[in-house]
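Spelled out, the chains give:
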Amino acid sequence: MATSTYTVTGMTCGHCVSSVKQEIGKIDGVTGVDVDLASGLVRVDSAGELTDTDVAAAVDEAGYALSE
């Protein structure tokens, strides 16, 4: 099991959080997603290592961006 932490920019409300959780949750191997709206921090638990490209694409699909 692996845990990765990312920072997402552009989230302003609970709907934003739900969208990010839903899209990241669709990535194969993801077992849990925790999003903190105030800080923009996203913790992703997964069965194995995730690629930053997959996470960035999921966040983009939700309408937001990973912080560089």
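Located above this text is the structure these notes cover.
Residues numbered from 1 in each chain as written. Predicted model: local features only at pLDDT ≥ 70, side-chain atom pairs only at ≥ 80, totals over all residues. Heavy atoms only, no water.

Student: Could you give me a rundown of the nonpolar core, with the residues and numbers involved?
Tutor: Note on soluble globular proteins: their nonpolar side chains tend to be buried together. In this structure, V20, I24, V42 and Y64 are the most contacted members of the largest nonpolar core, which totals 19 residues. Listing elements by their share of this core, those giving two or more residues are β1 (2–9), α1 (14–25), β2 (30–35), β3 (41–46) and α2 (52–62). If we ignore the near neighbours within four places in the chain, the residues touching Y64 are V8, T9, G10, M11, C16, S19, V20 and V59. (Core = buried A, V, L, I, M, F, W, Y, C linked by side-chain atoms within 4.5 Å. Buried < 20%, exposed > 50% of the residue type's maximum accessible area, 1.4 Å probe, protein only. Helix = DSSP H or I, 4+ residues; strand = E, 2+ residues; numbered from the N terminus. Contact = heavy atoms within 4.5 Å.)

Student: Can you explain the pattern of salt bridges? Please cite residues and give values.
Tutor: In total, this model carries three salt bridges according to the counting rule given. The partner of E23 in a salt bridge is K26, with the nearest N and O atoms 3.3 Å apart. You can call E23 buried: its relative accessible area is 17%. For D34, the salt bridge is made with R43, and the minimal N-O distance between the two is 4.0 Å. Several salt bridges converge on common partners, so that one network encompasses D34, R43 and D45. (Salt bridge = Lys/Arg side-chain N within 4 Å of Asp/Glu carboxyl O.)

Student: Help me get a handle on α1, residues and values and all.
Tutor: The terminal C-alpha atoms of α1, which comprises 12 residues, lie 16 Å apart, in line with the 16 Å expected from a rise of 1.5 Å per residue. Every buried residue of α1 is listed here: C16, V17, S19, V20, E23 and I24. All buried residues of α1 lie within an arc of 165° about the axis, which places them on one face of the element. What points out from α1, more than 90 degrees from its buried face, is the exposed set H15 and Q22. Against β1, β2, β3 and α2 lie the buried residues of α1. (Expected span 1.5 Å × (residues − 1). Arc of directions from axis to C-beta.)

Student: Now, about the environment of L50: what can you tell me, with residues and values included?
Tutor: Relative to the assigned elements, L50 resides in the loop between β3 and α2. With a relative accessible area of 14%, L50 lands in the buried category. Distance from L50 to V20, taken between C-alpha atoms, is 16 Å for residues 30 residues apart in sequence. When neighbours within four sequence positions are excluded, L50 is seen to be in contact with Y6, I27, D28, V30, V44 and V55.

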